[in-house]
Amino acid sequence: MEVEIIDTYEEFCRIQDSWDRIQVLDAEADYFLSWRWLSEVLRANPGRWRILAVRESHSRSDYVCFLPLQLSIRWSQSQSQFETEIEAAGRMSWAQYEGFVCRPDVEEAAITALANALQCSPWGYFSMRNCSASAHRMELFLKGLHADDYEITWGESFLKDDTLDNLICPFVALPDDYETWLQNSVSSNTRQKIRRFWRRLEESDEMTISVTKPEEFTNHLGQMLELWLRKWEPVRGSEDAQFTAGKYMEILSQSHACDAMFLPVLWQGNSMAGALATIVDREKQTMYFIAAGRNEETSDPSIGLLLHAFSIRWAIENRIKVYDFCHGNESYKYSLGAIDRRIQRLEIRRRSHVQTGRFDSFCLGQALDRIVKYMKTDRLDDAILACQHLRKLCR
């Protein structure tokens, strides 16, 4: 196997047919590893990513495996040097899952080749924070690294005072009809709530549910995020909440550009009472719940639950097989019939004795930007040290 580097959008477009063919064959390659979604992410982030592309070396055959990566830098205060950090490329747009796109019949040779290529590249830290690759693939990948040269850890990810496990990703396996799901997957109490809601909706002159049309998307998503901000800004602080809402707008708009968004809205008159933002992968027959907003002043506490039921009914009617709640083991997800799937958080640190190097020249532009930032914020000592480090690398 030989590994090529692809780091321009034009080159990425050239491999679309190969990527799409492999993804169809690869059960592990989900929406967040699809060419169409990554094309939106990579185009928006030039100079920050590269694709490791594997093909069989005995001929100029088609590609058999891809690993999309993001490259960034950190300044090591203790070592007075820049280091390159590598993550999954999907992290730039908050991919729910990360892994490889690989033809299953050659995964042993191809993934080993990827590990060997990374071993020969300069970097200090590598991570897959939402690693959904199979245990077999990860074993192949890690066996390709020299164990003495790396510190490998499997991390945890807990929120809310260590009560919410962010590496548990509950999902609902959907049957062929809605009534079967309602009868067999949810509790009697939840089923009664859902049925009462539908009766209220049918009898109400004020309450309606609509599915957002493409031309309404930006407006409806903006309204939903305003509701989200009202709840979370007092909890998370203005800066963090505003950043998160802005990022949601960015990444969900990318999926909208892929014609992959489902955004149902519950209205009370002309006011939005609640909305759910869900990504639809029709090829892999999966829906991913990403974000929601609700009017906290409404008297009905079940808006989110009922909008999920509406989305699940739509999913079943449109032949979707999996309704994925993504990260976090919140209790409401299980009331809708979810079962757990655990993913992993992989972190690899290169040990100091390794001579391959820790700074990739591909990140030079980012390093120069960091120096400019240090100069503008009166961190002149760091700016000088950073310049000296880059000068050493140029010798």
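Residues numbered from 1 in each chain as written. Predicted model: local features only at pLDDT ≥ 70, side-chain atom pairs only at ≥ 80, totals over all residues. Heavy atoms only, no water.

Let's shift gears to the overall build of the protein chain. Summing up its helical and strand segments, the protein chain has 13 helices and 17 strands in all. Computed over its C-alpha atoms, the radius of gyration of the protein chain comes to 23 Å, within 12% of the 21 Å expected for a compact globule of 395 residues. On the principal axes, the C-alpha backbone points of the protein chain span a range of 75 × 55 × 40 Å. Residues counted as buried form 53% of the 395 residues belonging to the protein chain. When contacts within the protein chain are restricted to residue pairs at least 6 apart in sequence, those whose partners lie at least 24 apart make up 72%. Carbon together with sulfur atoms contributes 47% to the accessible area of the protein chain, which is approximately 18,900 Å² in total. With 47 positive and 58 negative side-chain charges, the protein chain shows a spacing of 2 Å between the two charge centroids. (Helix = DSSP H or I, 4+ residues; strand = E, 2+ residues; numbered from the N terminus. Rg over C-alpha atoms; globule rule 2.2 N^0.38 Å. Buried < 20%, exposed > 50% of the residue type's maximum accessible area, 1.4 Å probe, protein only. Contact = heavy atoms within 4.5 Å. Areas by Shrake-Rupley, 256 points an atom, 1.4 Å probe, with all protein chains shown as cover. Lys, Arg positive; Asp, Glu negative; His and termini not counted. Charge placed at Lys NZ, Arg CZ, Asp CG, Glu CD.)

Counting residues in hydrophobic clusters, the biggest one holds 53 residues, and the most contacted among them are Phe 12, Trp 19, Phe 66, Met 224 and Leu 252. Per element, the largest residue contribution to this core is seven residues, and it comes from helix α8 (residues 217–236). Setting aside its immediate chain neighbours within four residues, Phe 12 contacts Ile 6, Trp 19, Trp 35, Leu 38, Ser 39, Leu 42, Trp 49 and Ile 51. Of all hydrophobic cores here, the second largest spans 41 residues; its members include Val 54, Val 64, Phe 126 and Ala 367. (Core = buried A, V, L, I, M, F, W, Y, C linked by side-chain atoms within 4.5 Å.)

In the Ramachandran plot, Trp 94 falls in the positive-phi region, its phi being about 55 degrees despite a non-glycine side chain. With respect to the helices and strands, the residue Trp 94 is situated in the loop between β4 (81–88) and β5 (101–102). Taking the relative accessible area as the measure of exposure, Trp 94 reaches 26% and is therefore partly exposed. Residues other than glycine seldom take positive phi values, yet Asp 378 does so here, at roughly 65 degrees. Residue placement: Asp 378 occurs in the loop between α12 (364–376) and α13 (380–393). Looking at Asp 378, the relative accessible area reads 68%, which means it is exposed.

Further remarks concern the packing of aromatic side chains. Scanning the model with the defined rule gives 29 aromatic pairs in all. On the numbers, 6.1 Å between centres and 45 degrees between planes, the contact of Tyr 31 with Trp 37 is tilted. On the accessibility criterion, Tyr 31 (0% relative accessible area) is buried. With a centroid separation of 5.2 Å and 80 degrees between ring planes, the pair formed by Tyr 323 and Phe 325 is classed as edge-to-face. As far as the burial class goes, Tyr 323 and Phe 325 line up, both buried. Sitting over the face of the ring of Phe 362, Arg 50 holds its NZ or CZ atom 4.9 Å from the ring centroid. For the cation-ring pair, Arg 350 lies above Trp 123, with the distance from its terminal atom to the ring centre recorded as 4.4 Å. (Phe/Tyr/Trp six-rings, centres within 6.5 Å; stacked < 30°, edge-to-face > 60°. Lys NZ or Arg CZ within 6 Å of the ring centre and 35° of its normal.)

Fair warning: the whole summary comes from geometry, so function is off the table for now.
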